[in-house]
Structures are given as structure tokens and as C-alpha cells.
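A look at the structure
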Amino acid sequence: MKISGVDIRPGNILEYEGGIWKVAKIQHTQPGKGGAYMQVEMKNLIDGRKTNVRFRSADTVEKVRLDTKDYQFLYEDGDMLVFMDTDTYEQINLPSDLLGDARPFLQDGMQVSLELWEERPISVELPQQVEAEIVEADAVVKGQTASSSYKPAMLDNGVRIMVPPHIESGTRIIVDVYEQSYVGKAG
């Protein structure tokens, strides 16, 4: 589906110069002279390159719809991750860097969504929130109140996040995978 350059939004997947790109940031600019344009920061979903492109309102670009399919994470094999199609039980190996910063949150047996472009997996979406355990939490500084500040803590997967002062080691919490932030205590 073709869209105008000024209709591009963050999160859109675009086909541009033979590649498949995910829009990270946009900035609409209306200069004093000349026509308005959209400054678009994009990341190539195949090779990870980043680019900045100007699209004028007269420019059109192909917006791509990706197919999504549910898979289950089975195990890690070197730098490859093995997933299983939950419908056909067919296994697929994908490089671990396909997950980016969310990689430490991948857990055995986790249900994930693979985004496919022309039958080729280009990204892995984990659940937005996962449960993790605090293995190390800094002591509360005297005078610190629950409403005013957070303290650093280490999760069982090695990721360091900020948590409220009342959270101690051994506490199971809910973490936002993509923001890498504390959401609440696990029930």
C-alpha cells in the first residue's frame, strides 16, 4: 500500500530502496521557503543499518504489512536460537542478535511472535511484560521515600533496572521488556 511521505509514523514498516525498514523517529518540518517534508529515521530490519531520509509530501513510499506467526522458544544453540512453530511443530534457527536489547528476557518455553516478510523471519517480538527475580538490590538510603526515588537492582537474567526502595533481593517482579523498567510486584 502506497502512502504519502508526510503520513509516515513511528513503527511503520516501509519498503525503501530494495530493503525493508522500520521507522524509529519522525520530525515534520515546515521551512520558511519550500514545501514541508518529513525527516524519517529508519532501521533496516535485514542488516541493522540506520538511515535518515527526507520525504516530501509529493513522495510516496510502500508501506509493508508483515505476517506474524506464533512460535515457542526451545533452546539456545551457540549464537543461534531454536524456535518451534506452535501449529506445525517445525523448528527454525535464528541468530540471537535478532532480538536486540530484549534478548536477556527470552525464557525457555516462552511464546513469541515472529514477524515474517515474504516468508522470511525478520524480527522476534517477546511479550511486553515478563516476570523476573531480583538477585541483588542496593540498600535504601536514609531519608529516601517510596514516592521520590528508585534504587538500582540486578535481575536474575543479568539486566540492571531501577526499582522502588521497598523491593528487596528475592522479590519476583514484573518487568517491561522493551523499556527495561519496573512495572510492579509479581502476584
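Residues numbered from 1 in each chain as written. Predicted model: local features only at pLDDT ≥ 70, side-chain atom pairs only at ≥ 80, totals over all residues. Heavy atoms only, no water.

**Remarks on the overall build of the protein chain**
Keep this limit in mind: Runs of E in the DSSP output that reach at least two residues are strands. Runs of H or I that reach at least four are helices, and both are numbered from the N terminus. Between the two quantities, the radius of gyration covers C-alpha atoms and the globule rule is 2.2 Å times the number of residues to the power 0.38. Burial here depends on accessible area, computed with a 1.4 Å probe over protein chains only, as a share of the maximum for the residue type. Under 20% is buried, over 50% is exposed, and the range in between is partly exposed. The contact rule is simple, with two residues in contact once any of their heavy atoms fall within 4.5 Å. All accessible-area figures derive from a Shrake-Rupley calculation using a 1.4 Å probe, and residue coverage is judged against the displayed protein chains alone. The sign given to each residue is positive for Lys and Arg and negative for Asp and Glu; His and the chain ends receive no count. A single reference atom marks each charge: NZ on Lys, CZ on Arg, CG on Asp, CD on Glu.
Looking only at helices and strands, the protein chain has 0 helices and 16 strands in total. Expected size for 187 residues packed as a compact globule is a radius of gyration near 16 Å; at 21 Å, the protein chain overshoots this value by more than 25%. Each principal axis of the C-alpha atoms in the protein chain carries an extent, and together these give about 60 × 50 × 25 Å. Within the protein chain, the proportion of its 187 residues that are buried is 37%. Nonlocal contacts in the protein chain, meaning residues at least 24 apart in sequence, comprise 42% of its contacts between residues at least 6 apart. Of the roughly 11,000 Å² of accessible surface on the protein chain, 45% is carried by carbon and sulfur atoms. Side-chain charges of the protein chain comprise 20 positive and 30 negative groups, with the mean position of each set lying 10 Å from the other.

**Considering unusual backbone geometry**
Look at Glu118: it is not a glycine, yet its phi comes out positive at around 50°. Among the secondary structure elements, Glu118 is positioned in the loop between strand 10 (111–117) and strand 11 (120–125). The backbone phi angle of Glu119 is positive, close to 70°, even though this residue is not glycine. If you trace the backbone, Glu119 turns up in the loop between strand 10 and strand 11. Looking at Glu119, the relative accessible area reads 68%, which means it is exposed.

**Structural notes on the confidence of the model for the protein chain**
Rules: Confidence scores labelled pLDDT are given residue by residue by the predictor and lie between 0 and 100.
Averaged over all residues, the pLDDT of the protein chain is 89; the fraction at 70 or higher stands at 96%. When pLDDT is averaged over each helix and strand of the protein chain, the minimum, 85, is found for strand 11 and the maximum, 95, for strand 8 (residues 80–85).

**Comments concerning the pairing of strand 9 (residues 91–95)**
Formally: Note on pairing: DSSP must find at least two bridges between two strands before they are called paired.
By the bridge criterion, 5 bridges tie strand 8 to strand 9 in an arrangement that is antiparallel. Paired with Val82 across the two strands is Asn93, which belongs to strand 9. What sits between the antiparallel neighbours strand 8 and strand 9 is a turn of 5 residues, in which Tyr89 has the positive phi angle 65°.

**Some points on the sheet that holds strand 9**
This is how the line gets drawn: Angles run from 0 to 180 degrees between N-to-C directions of axes, and those axes are lines fitted to C-alpha atoms, restricted for helices to the stretch in contact.
Taken together, 5 strands build an open sheet; the order of strands is 9-8-7-10-11 and the sheet is antiparallel. Whereas interior strands pair on both sides, the edge strands pair on one side only; in this sheet they are strand 9 and strand 11. The sheet shows a mean angle of 45° between the axes of neighbouring strands, taken without regard to direction. Bridge count between strand 7 (residues 67–77) and strand 10: 6 bridges; the pairing is antiparallel. What sits directly across from Asp67, in strand 10, is Leu116.

**Examining the packing of aromatic side chains**
The geometry of an aromatic ring pair comes down to the distance between the two centres and the angle between the two planes. Rules: Two aromatic rings, drawn from Phe, Tyr or Trp (for Trp, its six-membered ring), form a pair once their centres lie within 6.5 Å of each other, and the interplanar angle then sorts them: stacked below 30 degrees, edge-to-face above 60, tilted otherwise.
Across all of its chains, the model carries 2 aromatic pairs by this definition. Both rings, one in Tyr16 and one in Phe55, keep their centres 5.6 Å apart while their planes meet at 75°; by these two values the pair is edge-to-face. In this pair, Tyr16 is assigned in strand 2 (residues 13–16) and Phe55 in strand 5 (residues 50–56), connecting sequence segments 39 residues apart. With respect to burial, Tyr16 and Phe55 carry one shared label: buried.

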